[in-house]
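# Structural overview for review
Each chain, letter by letter, is given below.
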Amino acid sequence: MKKIIFATGNEGKMKEIREILANEDVEILSMKEAGISLEIQEDGKTFAENAMIKAKAVAAVPQAENAIVLADDSGLEVDYLNKEPGIYSARYMGEDTSYKIKNQNIIDRLEGVPKEQRTARFVCAIAAVLPNQEVITTEGTIEGYIGWEEAGTNGFGYDPIFYIDEYHCSTAELPREVKNELSHRGKALRAMKERLAER
Ligand code: IMP
């Protein structure tokens with residue numbers, strides 16, 4: 001049985017990861033379940049670099065021996081803001097600032113900007129470090145635009161201001177299963193699942 005350790009402390013992510021990667025041949029553990037506690041400096045310049053930094057740091061601890069270590073990094077790119085907040089999405093305006101304030105700030109910075117210039121995307125990179133230290137990365141994106149007001153209470157982070165054309169609503173208004181199906185993280189995880197199945 002393969003052992004996968006996912007380098008996150010976020011329970012919501014673990015749930016999504018288990019739903020997508022689960023099968024009878026794999027055991028999926030969070031860092032905590034694997035008995036690993038680490039502070040990792042995310043100082044990469046891209047989502048993929050940050051995901052690799054996290055996966056490599058966890059793969060280097062003795063508890064991760066013989067396991068596949070996965071890590072992700074994700075964020076929102078707003079084209080009109082030169083792809084801000086990008087890799088700084090969690091830290092934008094300060095880690096402890098509420099998303100009510102962060103979201104309103106992004107709406108304010110787009111004041112008067114027409115819909116065609118409000119394009120944005122969520123990006124997720126996933127990195128895997130295999131037991132032989134080989135590294136694999138995958139990426140997933142979902143395209144949308146920044147709305148004029150917050151809508152919806154599902155999801156988290158920037159979901160209430162991120163709208164997608166096909167559904168005429170924000171990703172915070174979509175049921176969880178629908179968002180998982182369309183989302184950057186879902187796409188990157190399914191691509192990783194395929195890459196790992198080739199091993
Ligand atoms: P990290 O990948 O855990 O470092 O977090 C990235 C940050 O990007 C989150 O804290 C959110 O601000 C933002 N983000 C990433 N994915 C989503 C999403 O699906 N919805 C809303 N915000 C997201």
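Just above, that's the structure.
Residues numbered from 1 in each chain as written. Predicted model: local features only at pLDDT ≥ 70, side-chain atom pairs only at ≥ 80, totals over all residues. Heavy atoms only, no water.

### Some points on the pairing of strand β6 (residues 135–146)
Note the cut-off: Note on pairing: DSSP must find at least two bridges between two strands before they are called paired. Under the DSSP-based scheme used, a helix requires at least four consecutive residues in state H or I and a strand at least two consecutive residues in state E, with every element numbered from the N terminus.
As defined by bridge partners, strand β5 (residues 119–129) adjoins β6 across 11 bridges and the pair is classed as antiparallel. Counterpart to F122 in the pairing with β6 is I142. With antiparallel pairing between neighbouring strands as the criterion, β5 and β6 make up a hairpin whose turn holds five residues, including Q133 at a positive phi of roughly 75°. Bridge count for β6 against strand β7 (residues 162–164) is two bridges, and the pairing is antiparallel. For I146, the partnering residue across the bridge sits in β7 and is F162.

### Describing the packing of aromatic side chains
What counts, and what does not: Only the six-membered ring of Trp is used, alongside the rings of Phe and Tyr, when aromatic pairs are assigned; centres must lie within 6.5 Å, and planes under 30 degrees apart are stacked while those over 60 apart are edge-to-face, with the rest tilted. Consider the ring centre and the ring normal. A charge sits over the ring if Lys NZ or Arg CZ is within 6 Å of that centre and within 35 degrees of that normal.
The full count for this structure, using the stated rule, is three aromatic pairs. K102 extends its terminal NZ or CZ atom over the ring of Y99, reaching a point 4.6 Å from the ring centre. Positioned over the ring face of W148 is R118, at 4.0 Å from the centre of the ring.

### Brief notes about the site of the ligand
The test is simple: For this description, a residue counts as near a given molecule or strand if any of its non-hydrogen atoms is within 4 Å of it. We call two N or O atoms a polar contact when they sit within 3.5 Å, provided that within protein one can donate a hydrogen and the other can accept it, with sequence-adjacent residues counted only if both atoms are side-chain atoms. Classes in brief: Ala, Val, Leu, Ile, Met, Phe, Trp, Tyr, Cys and Pro nonpolar; Asp, Glu, Lys and Arg charged; the others, Gly included, polar.
Around the ligand lies a shell of 15 residues, among which K13, S74, Y99, D159 and K179 are the nearest. Take D159: an N or O atom from its side chain is 3.0 Å from a nitrogen atom of the ligand. In the model, an oxygen atom of the ligand is placed 2.7 Å from a nitrogen or oxygen of the K179 side chain. Broken down by element, the shell around the ligand gets its largest block of residues, three residues, from strand β3 (residues 68–78). A breakdown of the residues in the shell around the ligand according to their chemical character gives five nonpolar, five polar and five charged.

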